[in-house]
Every structure is written in C-alpha cells, then in structure tokens.
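So the chains spell out like this:
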Amino acid sequence: MKLITHNMLMSPGTRNGFPLAIEVESLEEVEADFNPEFIARMVEKLDYPALLQTVASLSVVEGTLPPQVPEKYAEDEEFLKALHHVLLEVEIVEGSLVCPETARKFPIKEGIPSML
Amino acid sequence: MQLLLTAHNVPARKIASELRRLMLSLSPSTPCLLEERDGCVHLHASIHSIAQLRQTTLPDRVYAVLLTVPAEQLPNTDAEIIDEVKRLVCDAVDWQSVFEAVGELSPQSADRRPASVGVTAKRAGKRFSSIPSQALAGSIGAALSKHFGCRVDLRSPELDVHASLNDDRLLLLHPLLRRPSTYESKTSVGLHPHVAWAMVKCAAQLSCPSLHSLHPLLRALPHAALPLIHAQIPPPRCLMSFSPSASIVVDPMCGSGSFLLELVSGWPSVLAMGSDASASQVALARRNRAALPASSASRLQLFEADSCRHPFRRGAADAVVTDLPFGKQHGSLAENASLYPSAVSSIADILRPGGCCVLLTNESNLQLLIESIRATHKQAILYSSAFESNNLKSAAEPGSSERPGPLRLICRRQVPLGFMTGWIVVARRESGDADTSAPQLDEVGAEFDYPQDSVSKNDDEGHLSEDGAVVRRFLWESQSGRASWDSQRKASRLPMEPACLLTHV
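Residues numbered from 1 in each chain as written. Chains lettered and ligands numbered in written order. Predicted model: local features only at pLDDT ≥ 70, side-chain atom pairs only at ≥ 80, totals over all residues. Heavy atoms only, no water.

Residues and elements named next belong to chain B. One way to put it is that helix H5 (residues 193-206) packs onto helix H10 (residues 258-266) with a least axis distance of 9 Å and a crossing angle of 65°. Seen from above, H5 lies across H10 with right-handed handedness. In this structure, H5 uses Pro-193, Ala-196, Trp-197, Met-199 and Val-200 to contact H10, whose residues at the interface are Ser-258, Phe-259, Glu-262 and Leu-263. When grouped by side-chain class, the residues that make up the contact of H5 with H10 number 7 nonpolar, 1 polar and 1 charged. (Axes fitted to C-alpha atoms, helices over the stretch in contact; angles between N-to-C directions. Helix = DSSP H or I, 4+ residues; strand = E, 2+ residues; numbered from the N terminus. Left-handed = near helix turned anticlockwise from the far one by under 90°. Contact = heavy atoms within 4.5 Å. Nonpolar A, V, L, I, M, F, W, Y, C, P; charged D, E, K, R; others polar.)

In structure tokens:
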C-alpha cells in the first residue's frame, strides 16, 4: 500500500475514521517514475495535514515535506519530488491500519490493505 | 519493398484505409499499392517511407516480406523442399534492403550486420504435413547462420525470421516495427477493452469542460444543432486528455481491473483506485497491473473492500466507473435486489459534488439500477428535511456538512455484450448549490431516441427528468458509433518502435 492510497481511505461505516493509523511490520522504498503533472494534480486532492501526520508517525520515512503546501506548488520541483517520494515510493508491504474511532484493525498483506 | 502489417482485433480493411490516407498525404501523386489478404495488409513502399508508418494507429506489427513462394512452385519430396528453402533464403532474399530498412528505422543499426539469427516456423495444412515446423526452422537457421557467419540465438536474435509454410505458400517475414507494451496480450480481463475504454472515456469527458462551455460560438448555437456539430468536429487531442477535475477515478467492484488498466494507460495524470470484496479478484487485478509499464502501474492502486460500505474518503472521487454484477457469473438476481441500492448509495457517498459515475449493467438489472439511482435522491430529501427540522442539533455536529449527495440520472446507452444486452448508465452527484460545473445531458449524449421535449428539462435549474434520456451515441463518438470504439481507443496508443537492432560491425 502506498501512502497516496492511505490518504484516500477511511474506516468504513464510521464518521470520523480518518486518517487511519499505520502499524508497520515491513516497509519498502521502491523507485517510481516522476510525473510532475500528476503529482501537482494530486495536491488538490490530498488531505495534506493527514499526510503530514502519517509521515511523522512513520519514523523510517524522512520528513522532507514542508508544514504547508507552497503557494506555487505546481512550479516547485523540490516540493513535488519530495511529495512524489512520500506518495508513490513508500510501500507498506505488511502491517495493519487502525481506525482512530473504533480501534478496529485492518490487515495489510503483500501490499494490499483489506478494508472488509 | 514489400511489407506486411498486422493488428489485434482490427479488420484488414480498416488498416488498409488508414494506410491509404497516410500514403496519400505523403506522396499524393504516387498510387498506393496495397492488398488485403488473410486478415493482413500487404503494402509496397519505398525503404525511406517505412519510418512514416510509425504514425499509424491501428497496426501492431510491421514486417518486411523476405520471400513468398507459391506452394505449386516448391519441389515434391521433403528433402528437396528443405534444400530449396535453404537455397532461397540465402540467394533469393534481398538482405541488403532489409538491413537498409532496419538502419532507416534505428540509425545505430545502419551499416551493421547481424550478430545472431533466430528462426520460428509454423507449418500448417495437408500437403507439407510430413515436414515438422521445428525441422523447417532448424534448417533455415543453420543456412542463415552459415551465410552471415553469425551465431544462433533463439531468445533474442538480431535477425528474427518468421517462416510459415501451408498449402498455399511459403512465406518468410522479418519484423521491422512493433507496438510497445500491448498489454492486452499479457492481461486477462472480463470486459472487451474497447467497452471499458468507452466507459472510461465517458467519465473523463464528463469531468472536463465541454466543447460548448469552452467555445462561446458553440454555446450560441441552438441546442438541437449541437449533436450534429460534435459529430463533425472531432474533439481536439488536447481536450481528450485535458481534464483538470478528473484526477481520481474509483472502481468499487474492479474484478480483474478492466477499467483501471484503461484509465492509467490512456490518461497519464489519473489515479485509478480499484477495490473488490473478493481477494482472488484483487489478486487477478494485481497480476494484470504487473503487465503495465512502471509509469502506469504506479498510478493503479488496489485494496479489498465491500462495495456497499466503501472505505473511500467521502466526496474524494472525481468519477466512479464500474461494472455491476449481472447476477449470472457473479451473484444472483435476488442478491442484486439488495446489492444495487446499497452499492449505488455508497457510490453517491464517495463522489464529489458534480462528479460522475458511469455504470454498466444488463437489461434484466436496468430497472433495478435506475430505481437505485432514484432512491439516492429520495434519501437525500428525507435527510435534508430531517436536517432542516432539527438543524440546531445537527449543525453542531462536526460531520453535518457531509450530506449524502443524491445521484441524478443523465442518460443511458444500450451496448450489446456478446449474447446479452448491456446498458451504460451515466449519473452525476448533485450538490446542494446551483452547480454550473456539473455535466448536463448536452455534454454527454447525441441522437436522442426520444424527441427533445420528452427529456423534459426544467429550464430554471437545468435539471433533467428522473429517468434520464436514452441516447444512441455519446457525444465523443463518431457517426459509426460502437464500430469505431476500438479504432478511437487505439488512436491514443504509443507509436510503434523498431522491432530489431543490429549491433555487429
């Protein structure tokens, strides 16, 4: 599971089940092609504070993201590259997602979270 | 030089007409020499014009025809045939032109000779049944390896000869151009790729500014003229991919991932999120994802989830594209009666206001789907009246702004699926406010089956009747409708690349 997926998921059937906490058992850093146009479009869709909170909770991921989205983010390559790394190059392979409202756990196996 | 062009699932006449157009534009005075035979197209072209074939959209492969010998000109005994074929491949083939053509396509191969040779052979029919395919391939390979003084390499040969021998003829080919990443050959999906593409196209089209909202001249035209205008002016290329608002598309019942594959392959800035309640289906989608190039695969994300209690963040999806179970292969009609309403209401939850869903079902479930979409509207009315009568209490709650968005039917279009009748149903999520960015019927369908009046638009708000309209074509379709979906889909693929490189000096 990549962090871009995590940013879009909430605990099903809850009101405040977002963002889900991540318990990591195994995490990989993979390489992905940098597509600045795509990353810039994702900026509008992200819940940025939730992303920062998640990145802070994963001590293994370097915190290179600024506390706020820069005003001219579409032209800010440094920011887009940092965001690209966090969103697409960090893969949670094994672990669980934990609902902040009910503490229910959802397992992640072979990179696929099971939200059933 | 004689060339042979092939394509997956495209009739030869379509490839031929595309080639005629291209050749005419290249040299209007020279007649285009081409012939359709056995589902392929044979073309006579100069070596210098071969590189121009990369502009074509339909062919998947271009071969140089090395040799064609009619069966009646071949000798009688097996040993004589093999000897004759060995002699022909060395003496009768114009190898100089083949190497020139390869050099023309990839300059680093110019003036080079092959370092290795590989031959695949296919023998069919009755007359030559005593010659095994492998024996044929082996003798041609041995002859060529001796002729060029190069080694035999069956895995990645520089000189890649394809031989076929049947009751009609002996044919030898050498590949010149091939389409990169034709992932269709490596994936297994349930739905025809062009049907999946057409639905994805609808979703992308709906989420981008329509032609007449961009162009004031078009806006000034009478409503009835719009379908005609759109049919004659193909949308500019930039518009097809220009979709500032469709960034995230969700398929909550993704199965093997037909829609997701089309999304990430055809729309380079879209994030495709797929989920399914069945772990085996998610695993299948994952295997299909592995066939994609890395740049597309990283934008396709998968998770397991119940489509009726979907875990997607509310209002975060720009569009939803999905194939609802028909109750045959998956589920049953009885299960559908409870599944459809919950799944549709869940789709309404995850869509952003103004976002669209493009859904596929069959004839037996169409009424159920329409009722499920209508029901979201009723739920919203109930919710909103409860909200108003109780607004002090509700307004204090943190989540009270998340009113479920009612889905409103825009239109539906019939689509034959094998022996079944399928229906593509398009609906949009409404927002409470007057939403000018939400798509309207004029932006989706053309050639209404019913007269305009019965669509019964309410002019003040631009709302449609509850059932939506039945359309014969979507706005982006050409006059020939579904028959051209496949070629329209293929027009957005990557150009062909050289199929072989020569490295040996």
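Right, let's get into the pattern of salt bridges. Considering all chains together, one arrives at 16 salt bridges over all chains under this definition. For Glu-23 of chain A, the salt bridge is made with Lys-105 of chain A, and the minimal N-O distance between the two is 2.8 Å. Residue Glu-23 of chain A is located in strand E1 (residues 21-29), and its partner Lys-105 of chain A is located in strand E3 (residues 105-109); the two are separated by 82 residues in the primary sequence. Classification of Glu-23 of chain A by relative accessible area gives partly exposed; the value is 36%. Shared partners join several salt bridges into a network, and the residues in it are Lys-45 of chain A together with Asp-318 and Arg-352 of chain B. (Salt bridge = Lys/Arg side-chain N within 4 Å of Asp/Glu carboxyl O. Buried < 20%, exposed > 50% of the residue type's maximum accessible area, 1.4 Å probe, protein only.)

Right, let's get into the sheet that holds E1 of chain A. Residues and elements named next belong to chain A. Here 4 strands make up an open sheet; going across it, the order is E1-E2-E3-E4 and the pairing antiparallel. On the outer flanks of this sheet lie E1 and strand E4 (112-113), each paired with one strand and no other. Relative to E4, E3 runs antiparallel, the two being bridged by 2 bridges. Paired with Lys-109 across the bridge in E4 is Ile-112. (Pairing = 2+ DSSP bridges.)

At the interface, 29 residues of chain A touch 36 residues of chain B. Summed over both partners, the interface of chain A with chain B comes to about 2800 Å²; 54% of that surface belongs to carbon and sulfur atoms. Our enumeration of links across chain A and chain B arrives at 2 salt bridges. With a shortest N-O distance of 2.5 Å, Asp-318 of chain B and Lys-45 of chain A are connected by a salt bridge. There are 13 residue pairs in polar contact (both at pLDDT 80 or more) connecting chain A and chain B. At the level of secondary structure, the elements contributing two or more residues to the side of chain A that touches chain B comprise helix H1 (3-6), helix H2 (36-45) and E4 of chain A. Residues of the side of chain A that touches chain B, tallied by class, amount to 15 nonpolar, 6 polar and 8 charged. (Buried area = accessible area lost by both parts, 1.4 Å probe. Polar contact = N/O pair within 3.5 Å; in protein donor to acceptor, adjacent residues only side chain to side chain.)

A few words now on the UniProt feature "domain: THUMP" (unreviewed entry) in chain B. The residues that UniProt annotates with the feature "domain: THUMP" (unreviewed entry) are residues 95-172 of chain B. Between the C-alpha atoms that bound residues 95-172 of chain B there is a distance of 12 Å. The span itself is 35% helix and 27% strand. (UniProt positions renumbered as here; feature names shortened; annotations may be inferred.)

A few words now on H5 of chain B. All names here are of chain B. Here H5 contains 14 residues, and its C-alpha end-to-end distance of 20 Å stays within 8% of the 20 Å for a straight helix at 1.5 Å per residue. Burial runs high along H5: 12 of the 14 residues are buried. Regarding H5, the residues found buried are His-194, Val-195, Ala-196, Trp-197, Ala-198, Met-199, Val-200, Lys-201, Cys-202, Ala-203, Ala-204 and Leu-206. (Expected span 1.5 Å × (residues − 1).)

Residue and element names in this part refer to chain B. The full count for this structure, using the stated rule, is 0 disulfides over all chains. The closest cysteine sulfur to the non-disulfide-bonded Cys-90 is located on Cys-150, 11 Å from its own sulfur. No disulfide involves Cys-411; its sulfur sits 7.3 Å from that of Cys-202, the nearest cysteine. Look at Cys-411 and you get buried, because its relative accessible area is 0%. (Disulfide = S-S within 2.5 Å.)

What follows concerns a negative patch on the surface. Taken together, the side chains of Asp-94, Glu-100, Glu-104 and Asp-111 of chain B make up a negatively charged region of the molecular surface. Counting through the fold element by element, Asp-94 of chain B comes out in the loop between helix H2 (78-91) and helix H3 (95-105). (Patch = residues over 30% accessible without salt bridge, like charges linked within 9 Å, V, L, I, M, F, W, Y side chains within 5 Å. Areas by Shrake-Rupley, 256 points an atom, 1.4 Å probe, with all protein chains shown as cover. Lys, Arg positive; Asp, Glu negative; His and termini not counted. Charge placed at Lys NZ, Arg CZ, Asp CG, Glu CD.)

Judged by nonpolar contacts, the single largest core of 67 residues is most densely connected at Leu-51, Leu-65 and Leu-83 of chain A together with Phe-312 and Ile-373 of chain B. Not counting residues up to four positions away in its chain, the partners in contact with Leu-83 of chain A are Ile-39, Val-43, Leu-46, Tyr-48, Leu-51 and Leu-65 of chain A. Of all hydrophobic cores here, the second largest spans 59 residues; its members include Leu-58, Ala-137, Leu-172 and Leu-177 of chain B. (Core = buried A, V, L, I, M, F, W, Y, C linked by side-chain atoms within 4.5 Å.)

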